[in-house]
Amino acid sequence: MDASVGISDADVAAFRRDGAVCLRGLFEPEWIAALADAVERDKAAPGPMVRHNTPAGNPGEFFVDFQLWRRFDTCRRFVFESPAARIAARMLGAGRITFYHDHLLVKEPGTAERTPWHHDQPYYPIDGEMVGSIWLPLDPVPEETCVEYVAGSHRWGRWFAPMFFNQDNTALAALDARWEPVPDIDADRGAYELLRWSLEPGDCIFFHALTLHGAPGNVSSDRRRRAYATRWLGEDARYADRPGQISPPITGHGLKPGDAMDCEMFPPVWRAA
Ligand SMILES: O=C(O)CCC(=O)C(=O)O
């Protein structure tokens, strides 16, 4: 399979430098329509890992679910047949790509809840550098509701404690010598280069699992913000022990620390010719 998929060397260089890059028009409208249909079916009958992040009585809805690809054929086809794996290969510089998991994040109009600043890899039982995500919105996303990324934070050499709602982050930080509390980015926004974009369906953001990111609520009164995020691994990824809770809590794969991420639950999807 061709790994170029319309990504320029400048896109790859921007990703390496900043840890996040916006890629325009890589997904055909058919993929967006198929995923949007799966989102409605998932919202009507969510999976076992669903999270309702908006407290009852608050406006809007911040709906999160995982592993749609295990239940919806369109999502499974997206994983194996869309350009996503080839995009990941090109961005991560990988010769092999494994699919880790998918993550649906819907912010309905009027949702106040932010996505807190965090980076993803401390939530994952995975060590290695070839770990990245495709954040694919299914609706037009204006800059003011886009996820924001702290440019270059994937190269800080710092690991921040996962932020689980209703847990004390300081206590979590004590669990792993690598972890420290997430800095208060919003208290000092001018100190960082923050990246965000205005996106149309078909555009996506590729970001590294160590890039700090967070997102505002969706204060629009009529525009939904549905995003289908998929997580991709290159050949250096290894299963690792993580203290405390991991997210998503995928179990039953039988992997041991040090094992290559390669099994029925984390399937190999692409390999260089
Ligand atoms: O969509 C959002 O609000 C945040 C996305 C995110 O945190 C992620 O994809 O890791």
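Structure shown above.
Residues numbered from 1 in each chain as written. Predicted model: local features only at pLDDT ≥ 70, side-chain atom pairs only at ≥ 80, totals over all residues. Heavy atoms only, no water.

Chemist: An account of the layout of surface pockets is requested, with residue identities and associated values reported.
Modeler: A volume near 550 Å³ is recorded for the largest pocket. If you trace the largest pocket, you find 31 residues lining it, with R51, H103, L105, T115 and H118 closest to the centre. Looking at the lining of the largest pocket, the elements with two or more residues in it are β3 (62-66), β4 (96-107), β5 (115-118), β13 (213-215) and β14 (225-233). Considered class by class, the residues forming the lining of the largest pocket number 17 nonpolar, ten polar and four charged. Taken as a whole, the second largest pocket holds about 260 Å³ of empty space. Lining the second largest pocket are 13 residues, with E129, M130, H154, R155 and H208 sitting closest to its centre. Secondary-structure elements contributing two or more residues to the lining of the second largest pocket are α1 (9-18) and α4 (84-92). Residue classes in the lining of the second largest pocket are distributed as six nonpolar, four polar and three charged. (1 Å grid on protein atoms, 1.4 Å probe; cavity = no way out; pocket = protein on both sides within 12 Å on 5 of 7 lines; lining within 4 Å. Points joined across faces, edges and corners; volume = space filled by probe spheres on them. Helix = DSSP H or I, 4+ residues; strand = E, 2+ residues; numbered from the N terminus. Nonpolar A, V, L, I, M, F, W, Y, C, P; charged D, E, K, R; others polar.)

Chemist: So what about the pattern of salt bridges? Which residues, and what values?
Modeler: In this structure the tally under the stated criterion is 24 salt bridges. Note that E264 is salt-bridged to R70, the shortest N-O span being 3.4 Å. You can see E264 sitting in the loop between β15 (238-239) and β16 (268-271) and its partner R70 sitting in the loop between β3 and α3 (73-81), a full 194 residues away along the chain. Between E180 and R158 there is a salt bridge, with the nearest N and O atoms lying 3.0 Å from each other. Here E180, found in strand β10 (residues 179-180), pairs with R158, found in the loop between β8 (148-150) and β9 (159-160); they are 22 residues apart in sequence, far enough to count as distant. The network of salt bridges with shared partners includes E40, K43, E61, E108, D139, R224 and R226. (Salt bridge = Lys/Arg side-chain N within 4 Å of Asp/Glu carboxyl O.)

Chemist: Summarise the site of the ligand; cite the residues concerned and give the values.
Modeler: The ligand sits among 13 residues. The nearest are T115, H118, W135, H213 and R225. Side-chain polar atom of H213 to an oxygen atom of the ligand: 3.0 Å apart, as the coordinates give it. Considering the ligand on its own, with 290 Å² of exposed area, one finds that the protein chains cover 98% of that surface. Placement of the ligand is best described as lying within the largest pocket. (Near = heavy atom within 4 Å. Polar contact = N/O pair within 3.5 Å; in protein donor to acceptor, adjacent residues only side chain to side chain. Areas by Shrake-Rupley, 256 points an atom, 1.4 Å probe, with all protein chains shown as cover. Sits in = over half its atoms within 2 Å of the grid points.)

Chemist: With reference to specific residues and values, describe the packing of aromatic side chains.
Modeler: Throughout the structure, instances matching the rule amount to 13 aromatic pairs. On the numbers, 5.1 Å between centres and 75 degrees between planes, the contact of F15 with F206 is edge-to-face. Linking F15 in helix α1 with F206 in strand β12 (residues 204-208), this pair joins segments that are 191 residues apart in sequence. One aromatic cluster is present, built from ring pairs that chain together F27, W31, F78 and Y228. Sitting over the ring of F63, K43 keeps its end group 5.5 Å from the ring centre. Here R70 stacks its cationic end above the ring of W69, 5.0 Å away from the centre of that ring. (Phe/Tyr/Trp six-rings, centres within 6.5 Å; stacked < 30°, edge-to-face > 60°. Lys NZ or Arg CZ within 6 Å of the ring centre and 35° of its normal.)

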